[in-house]
Structures are given as C-alpha cells and as structure tokens.
Amino acid sequence: MAEVSLSELASFVTAVWEHLTSPGQFPVGQYEVDKRQVLLGASVAVTTTLLAVCLRLWRRKPRMVEPQPTTGKRMKAVVFTSYGGPEVMTVDEDYPVPAPSAEDDVLIRVKAASINVLDLRIREGYMNALYRSSRRKAKLPLFPIMVGRDFSGIVEEVGSKVTKFKPGDEVSGALGLDHTYGSLAEYTICKEAALSHKPTNLTFVEAASFPHVALTSWGALVTSAGMTKETTAGKRVLVHAGTGGVGTFSIQLVKAWGGHVITTCSTSGVELVKGLGADDIIDYKLENFASRLSEEPKLDIVLNTLGPHVEAESLGLLKRGGAYATIVTPVVNSMDNYGIVLGLLFALSQKWKRSLYQRLIHGRRFSWAFAYANGEILDMVKQMVEDGKIKPAVENVFSLSEVHKAYEHLARGHARGKTVIKIAD
C-alpha cells in the first residue's frame, strides 16, 4: 500500500469539497473519486435533511398566541416595534411586568444594563430566524421585541425550583440568544443557570458592563482556543481591537493567567489598553499589524473581533499548534437566509472545510466562537473581579430616557469600553 502524505490527504479532502460546491474536474494525485457515488451520497444527505424538516413542519400543531404570565404591574421597557432604523426603537412606558412562568425563572428588578453592537444588528433583522422560533415557542407575536442582553439588579421573585438565588440578592447576568425578554427594562426574566451574584466590589453600573463580553471572550479564548489558567503563562496572544468591550475584557483575562498580550487600536486608545495590561500595542493608523509582527516570534493564539478582512494575515502569524478564534461568523446570517436547520448545516460545512485545511496543512486550530448564557462562567469571572484581576471598562453612562443617544454613540464605533444604561438608583 502506497504511503499517503499529509498534503495529498488535504488535497484530496479539499478537492471533494470543491466538487460538491462547484462541479468540474479536480486533481487529487494518484487517487480517483467516483463522482456518481459522491453526488449520490450528497443527494441522499440533503434529501434526508429536507424530509426531516418537512416532517417537522407537517407535524407542528397550530399555536394560538396567548399572553405570558404577568405580575399585573406596568414598567418602562425599550422595545423594537419592527425591523428598521433608529425610529423603530422606543421606550414603552406601559409594558407589562413579566412573572416567572417556569420553575427555573428568576424575576429581576434591573438596576443597570449595558448595550452592545449586536442590538443594532438585531434591530435591522439579524437573528430573525432565532427570534421567530423562540417567540413562537413562547406563544408571543414577533413584535414588540424587548432590547438588551446583560444587566445587574436585585432578585424580586423566583421559580419553584430555584435554589441558588432568593429575593433581595444582588445579581448580574446575560440573557440567552433565544431570550423572550430584554434587559433594557425595569424588570426582566432570566434563567437561574444564566445568573451570577454581583461582584461585591462593583457598583450596579459596573457589574452590568461585563457579562456579555465576558462570556464572548471566554467562549473564544477558553472554549474555542483552549486557553487555560494553567497553560497560558508565557503564551503570545493577539487580541484585535483592544479598546472594544470584548477586547478590554480579553486583554485582562490573558494577563490574569500570565500571557503576553499584543493588541491593536487607534492612537486615542493606546493609553486605555496600556492601563489594562497590554504588553505590545500596535496603532493600526500608523502601521500594519502583520508587517509589525512578521519579524517577531510566532503567535500562540489570535482572537479576531473585527471580521474576515484580517483573517488571512492573522492566520499567517500563528505558529504550528497555535489557535485562531473569531467571534465574527456567518452562522446567524446563514440561518436567517436559509432557515435554522439548513442554514446551520451550510455554515458549519464551510467552517469544517476551513478548519480541516488549517489543521492538516498548517497544524493550527481554527474556530468560530460563540457566547452562551452561563452562570458558572460568570461565577469564575466574579471571583477574578473580586480578586482585582479584572476591572470593568465603562466608557459612558446614560439614563433610560437617553437610550437613543446611547445607541447613536455606539453606532459611531471606536468604542473605549462599554456603554451602560442606568435604569434605577
């Protein structure tokens, strides 16, 4: 049996993928693929998936839109009345206060909530497939959609099986991707598993600034790139856009675990990232990060918070055995365009192809990173905050009545930390 080299195997796998996506000839060295068998297998897989989706839709029973349980009280809440521009966002001053409807629900009186660029994208229709699905399951119309993900506040009421929290507890957390309620309101509902006790050394405004970015950073650096407290010391880590919410947290997390942080930012952000502990700072207005780092030792980890335009150069800076993680992925757009099931399958097939190529040819880990609501992670972050290893980076604080001004500031870009909405004293 002839020996198979790594490059031949990678060429073979890549060629098969190209065959499935663009019919035509594909060279694979000494190997031959029966195109009819490949196409037959692909057809069977696609047909099976479509049949499963059709069966699911056929068996689905019509659902009547029913009101969610409420406390009978009214509150102020920021909502989107439809998809569109800034005009579709309003502060509803007569929104019903929700009541826990599940055994693990926690009703929270919100003190502060931070805003994210993700909110602006949702306003324009991003994640509409997930929203339609989650709100259909909750027996709610699509609009109005409550806005916001991370928050801090005080527990008001708990579900029958909640054991970790009780009324009066000070908490912080982030709502899941499929959340029914939003955090930019006087009250919200959150699952017990997504909550953590508020760090004792932070104000409510400070505590509301980090849950979402902490979970995003953790998902990228720890879950995807494999960074751990025990193995990070001395590793060279590039964090793109160090002054953003994810960037400011990621710099501190890597430094807390002993890593060497390299970050990019504009001239006006240099002092901020230096204060957070960045070891090497690249002013992207003055020099290209790839040119600067090409003469230095290879990187162990790259965190891409910017998008595809820095991917190729970032990958080229990684050492063999290094890890690349990006928080900018096509998964949600794919689900919005093709439906949740088919969109997810299509996006993951593209990710698998790129990941396999990087692993086989360059020996690098290639990952798409995602943030999940997780109270256990926030508990670990809480301890690091109380130990002084991580500090909140709050750029601006607005009142609930100034929410439009807050989002206008966010939309301009070039963040220097998080923007927080103070909802109650």
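Note that the coordinates shown come from a computational prediction; the quantities given were computed from them, not determined experimentally.

Draft legend 1. Structural view of the packing of aromatic side chains. If you walk through the whole model with that rule in mind, you get four aromatic pairs. Geometrically, the ring pair formed by Y324 and F366 is stacked, given 5.3 Å between the ring centres and 20° between the ring planes. On the criterion of sequence distance, the pair formed by Y324 in strand β13 (residues 318-326) and F366 in strand β14 (residues 365-368) is long-range, its members being 42 residues apart. Grouping residues by exposure puts Y324 and F366 together as buried. Between the aromatic rings of Y338 and F346, the centroid separation amounts to 5.8 Å while the plane-to-plane angle is 65°, which identifies the pairing as edge-to-face. Residue class for F346 comes out partly exposed when judged on its relative accessible area of 44%. Across the ring face of F204, the terminal group of K111 is positioned such that the distance to the ring centre comes to 5.8 Å. The ring of Y126 has R121 sitting right over it, with the charged end atom 3.8 Å from the ring centre.

Draft legend 2. Just the packing of helix α6 (residues 211-224) against helix α7 (residues 245-256), in detail. As a packed pair, α6 and α7 sit with axes 9 Å apart at the nearest point and diverge in direction by 55°. Overall, the two elements α6 and α7 adopt an arrangement that is oblique. Crossing handedness for the pair α6 and α7: right-handed. Contacts between α6 and α7 involve V213, A214, T216, S217, W218, L221 and V222 from the first element and G245, V246, F249, S250, L253 and V254 from the second. For the contact of α6 with α7, the class distribution of residues is nine nonpolar, four polar and no charged.

Draft legend 3. Local environment of the side chain of R135. The residue R135 is located in helix α4 (residues 128-137) in this model. Buried R135, no salt bridge; nearest opposite-charge side chain is D92, N-O distance 11 Å. Those residues within four positions of R135 in sequence are excluded, and the remaining contacts are L140, P141, L142, P144, I145 and T180.

Draft legend 4. Summary view of the nonpolar core. Ranked by size, the top nonpolar core spans 56 residues in total, and within it M127, F151, L184, L195, L299, Y407 and I421 carry the most contacts. Of the residues forming this core, the biggest block, five residues, is contributed by strand β3 (residues 105-115). Membership of the second largest hydrophobic core comes to 39 residues, among which are A174, F249, I251 and A371.

Draft legend 5. The arrangement of the environment of M75 in detail. The topology assignment puts M75 in strand β1 (residues 70-80). Apart from the residues lying within four places of it in its own chain, the contact partners of M75 are D92, E93, D94, Y95, P96, V97, P98, M146, A185, E186 and Y187.

Draft legend 6. Fine view of a nonpolar patch on the surface. A surface patch of nonpolar side chains, about 470 Å² in accessible area, is lined by Y338, V341, L342, L345 and F346. With four residues, helix α12 (residues 340-362) is the single largest residue contributor to the nonpolar patch. Here V341 shows up in helix α12.

Draft legend 7. Quick look at the confidence of the model for the chain. The share of residues in the chain with pLDDT of 70 or more is 84%, and the mean pLDDT across the chain is 88. Taken together, the stretch residues 1-6 has pLDDT below 50 and engages in seven contacts with residues farther than four places along the chain or on a different chain. Of the regions scoring below 50 in pLDDT, residues 58-66 engages in eight contacts with residues more than four places distant in sequence or in other chains.

Draft legend 8. Spatial organisation of the packing of helix α11 (residues 331-338) against α12. Interaxial distance between α11 and α12 falls to 7 Å at its minimum, and their mutual angle equals 140°. Classified by the angle their axes make, α11 and α12 are oblique. Between α11 and α12 the crossing geometry is right-handed. On α12, the residues that touch V331, S334, M335 and Y338 of α11 are I340, L342, G343, L344, F346 and A347.

Draft legend 9. Broad picture of α12. Taking 1.5 Å per residue, 23 residues should reach 33 Å; α12 reaches 32 Å between its end C-alpha atoms and fits that length. When we look at burial in α12, the residues that qualify are G343, A347, S349, S355, Q358 and L360. A positive backbone phi angle near 70° is found at G363, which sits one or two residues after α12.

Conventions adopted
Residues numbered from 1 in each chain as written. Predicted model: local features only at pLDDT ≥ 70, side-chain atom pairs only at ≥ 80, totals over all residues. Heavy atoms only, no water. Phe/Tyr/Trp six-rings, centres within 6.5 Å; stacked < 30°, edge-to-face > 60°. Helix = DSSP H or I, 4+ residues; strand = E, 2+ residues; numbered from the N terminus. Buried < 20%, exposed > 50% of the residue type's maximum accessible area, 1.4 Å probe, protein only. Lys NZ or Arg CZ within 6 Å of the ring centre and 35° of its normal. Axes fitted to C-alpha atoms, helices over the stretch in contact; angles between N-to-C directions. Parallel < 35°, antiparallel > 145°, perpendicular 65-115°, else oblique. Left-handed = near helix turned anticlockwise from the far one by under 90°. Contact = heavy atoms within 4.5 Å. Nonpolar A, V, L, I, M, F, W, Y, C, P; charged D, E, K, R; others polar. Lys, Arg positive; Asp, Glu negative; His and termini not counted. Salt bridge = Lys/Arg side-chain N within 4 Å of Asp/Glu carboxyl O. Core = buried A, V, L, I, M, F, W, Y, C linked by side-chain atoms within 4.5 Å. Patch = residues over 30% accessible without salt bridge, like charges linked within 9 Å, V, L, I, M, F, W, Y side chains within 5 Å. Areas by Shrake-Rupley, 256 points an atom, 1.4 Å probe, with all protein chains shown as cover. pLDDT = per-residue confidence, 0-100. Expected span 1.5 Å × (residues − 1).

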